[in-house]
Amino acid sequence: MYQTLITRLESSIFIISINRPDKLNALNNMVMEELGLALDEIYNNEAIRSAVITGSGSKAFVAGADISEFLQMKEDGKALAKKGQELFFRIENAPKPIIAAVNGFALGGGCELAMACHFRVAAENAKFGQPEVNLGIIPGYGGTQRLTQLIGKGRAMELLLSASLIDAATALQFGLVNYVVPQEELMNKSISLLSLINEKPPVAVSKCIQAANAALDHFSDGYEIEAFGFGECFETEDMKEGTAAFLEKRKPVFRGK
Ligand code: COA
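Attention in this report is confined to the structure presented alongside it. These figures come from a predicted structure and were not determined experimentally.

1. Details of the environment of Phe254
Phase 1 of the analysis: In this structure, Phe254 sits in the segment after helix H10 (237–247).
Phase 2 of the analysis: As for Phe254 and Leu37, which are separated by 217 residues in sequence, their C-alpha atoms are 29 Å apart.
Phase 3 of the analysis: Excluding its chain neighbours within four sequence positions, the residues that come into contact with Phe254 are Glu199, Lys200, Pro201, Asp238, Glu241 and Gly242.

In structure tokens form, the structure reads like this:
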């Protein structure tokens, strides 16, 4: 179905591999378009409970936007950035968890893609950076904003201005990734984290994502969104099941209702 992605559904986890290993999985137009279609699947397919995005091969997650397309672009730069931002907002605001399994270079648009995911797991060989200034541009798919949110302004400024890369251990220390594991354990670790989350009631999971995102959205009242989400969870059958199961000292059986 896809030309630049390999997808599979495994125990309700949708695994998306960006598949241009000879170009270090660079984000060309087709990858961006197909990521949009894969997101439609995540949003609309009830069999999918969560997703992981990774890159094919052992060298790169994604080494950036496809630089070879830059000089023949028909749209202007701002429109290109807006289109990428919209796509990555859909990842960030997805009602189901989407994590990045970073298996090598995550540079430029690749670092931005990983940062748009709800959290990140890295292989020991992962390298992160926003080297756009080397090309005379700046990150355009949300990188200036999310890097600052995730690692703080001083560290973000240094990476943005110097185009320096950081290794996986530094990314862990900066809070950019949650775990660093040997490359051969990367998918198992990612799947086991999502399997744990998939056991939780989906409405509560979705409301957590929405409320935590609102904490960093200048246009939202995060406390209001939290209260609203809490209220919606309070009306669910899963809330009744979760509290009853606790009181009855048994394991809950959530039905997603
Ligand atoms: N866009 C398009 N093609 C890219 C790419 C990108 N962002 N990153 C890598 N590639 C291609 C290379 O052109 C090369 O293609 P070729 O074999 O047809 O010449 C192939 O992927 C392998 O990359 P190469 O540079 O030979 O690998 P390397 O191990 O020597 O270096 C990097 C790896 C990641 C350091 C280097 O590829 C790089 O700096 N990439 C660009 C990173 C960047 O600036 N990203 C931000 C873009 S906005």
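2. Digging into helix H2 (residues 77–92)
Phase 1 of the analysis: With 16 residues, H2 extends 22 Å between its outermost C-alpha atoms, agreeing within 8% with the 22 Å of an ideal straight helix rising 1.5 Å per residue.
Phase 2 of the analysis: Residues of H2 that are buried include every one of Leu80, Ala81, Gly84, Leu87, Phe88, Ile91 and Glu92, and no others. Looking straight down H2, one finds its buried side chains confined to an arc of 145°; they lie on one side.
Phase 3 of the analysis: Tucked inside the fold, the buried residues of H2 contact helix H1 (29–44), strand S3 (50–55), strand S5 (98–102), helix H3 (109–116), helix H4 (143–151) and helix H8 (202–214).
Phase 4 of the analysis: Capping the start of H2, Asp76 holds a side-chain oxygen 3.2 Å from the backbone nitrogen of Lys78, two or three residues further along.

3. Looking at the site of the ligand
Phase 1 of the analysis: For the ligand, the set of nearby residues contains 15 residues, the closest of which are Lys23, Lys59, Ala63, Ala65 and Ile67.
Phase 2 of the analysis: Taking Ile67, its main chain carries an N or O atom lying 2.9 Å from a nitrogen atom of the ligand.
Phase 3 of the analysis: When the free accessible area of the ligand is taken as 860 Å², the share hidden by the protein chains comes to 59%.
Phase 4 of the analysis: Residues belonging to the shell around the ligand are distributed by class as follows: nine nonpolar, one polar and five charged.

4. Thoughts on the sheet that holds strand S6 (residues 105–107)
The strands making up a sheet associate through hydrogen bonds between their backbones, and the pairing can be parallel or antiparallel.
Phase 1 of the analysis: Read from one edge of the open sheet, four strands run S4-S6-S8-S9, paired in mixed fashion. Every other strand in the sheet has two partners, leaving strand S4 (60–62) and strand S9 (166–167) as the edge strands with one partner each.
Phase 2 of the analysis: Examined bridge by bridge, S4 and S6 share two bridges and lie parallel to one another. Paired with Ala60 across the strands is Phe105, a residue of S6.
Phase 3 of the analysis: Docked against the sheet, H3 engages S4, S6 and strand S8 (127–129), running at close to 80° with respect to S4.

5. Observations concerning the pairing of strand S7 (residues 119–123)
Phase 1 of the analysis: Of all five residues in S7, five are buried, a share of seventy percent or more.
Phase 2 of the analysis: Here S7 shows no split at all, with Phe119, Val121 and Ala123 on one side and Arg120 and Ala122 on the other all buried.
Phase 3 of the analysis: The pairing of S5 with S7 spans four bridges and is parallel. Counted as the bridge partner of Ile99 is Phe119 from S7.
Phase 4 of the analysis: Two elements, S7 and strand S10 (residues 179–181), share three bridges in a ladder whose sense is parallel.

6. Regarding the environment of Leu160
Phase 1 of the analysis: Along the chain, Leu160 falls in helix H5 (residues 153–162).
Phase 2 of the analysis: Assessed through its relative accessible area of 12%, Leu160 is described here as buried.
Phase 3 of the analysis: With residues up to four places along the chain from it excluded, the contact list for Leu160 reads Gln130, Val133, Pro139, Thr144 and Leu147.

7. Let's talk about the side chain of Ser56
Phase 1 of the analysis: Within the secondary structure, Ser56 is located in the loop between S3 and S4.
Phase 2 of the analysis: According to the relative accessible area criterion, Ser56 is buried, its value standing at 13%.
Phase 3 of the analysis: A polar side-chain atom of Ser56 sits 2.9 Å from a polar atom in the side chain of Asn19.
Phase 4 of the analysis: If we ignore the near neighbours within four places in the chain, the residues touching Ser56 are Ile6, Ser17, Ile18, Asn19, Pro21, Asn25 and Asn103.

Definitions and cut-offs
Residues numbered from 1 in each chain as written. Predicted model: local features only at pLDDT ≥ 70, side-chain atom pairs only at ≥ 80, totals over all residues. Heavy atoms only, no water. Helix = DSSP H or I, 4+ residues; strand = E, 2+ residues; numbered from the N terminus. Contact = heavy atoms within 4.5 Å. Expected span 1.5 Å × (residues − 1). Buried < 20%, exposed > 50% of the residue type's maximum accessible area, 1.4 Å probe, protein only. Arc of directions from axis to C-beta. Polar contact = N/O pair within 3.5 Å; in protein donor to acceptor, adjacent residues only side chain to side chain. Near = heavy atom within 4 Å. Areas by Shrake-Rupley, 256 points an atom, 1.4 Å probe, with all protein chains shown as cover. Nonpolar A, V, L, I, M, F, W, Y, C, P; charged D, E, K, R; others polar. Pairing = 2+ DSSP bridges. Axes fitted to C-alpha atoms, helices over the stretch in contact; angles between N-to-C directions.

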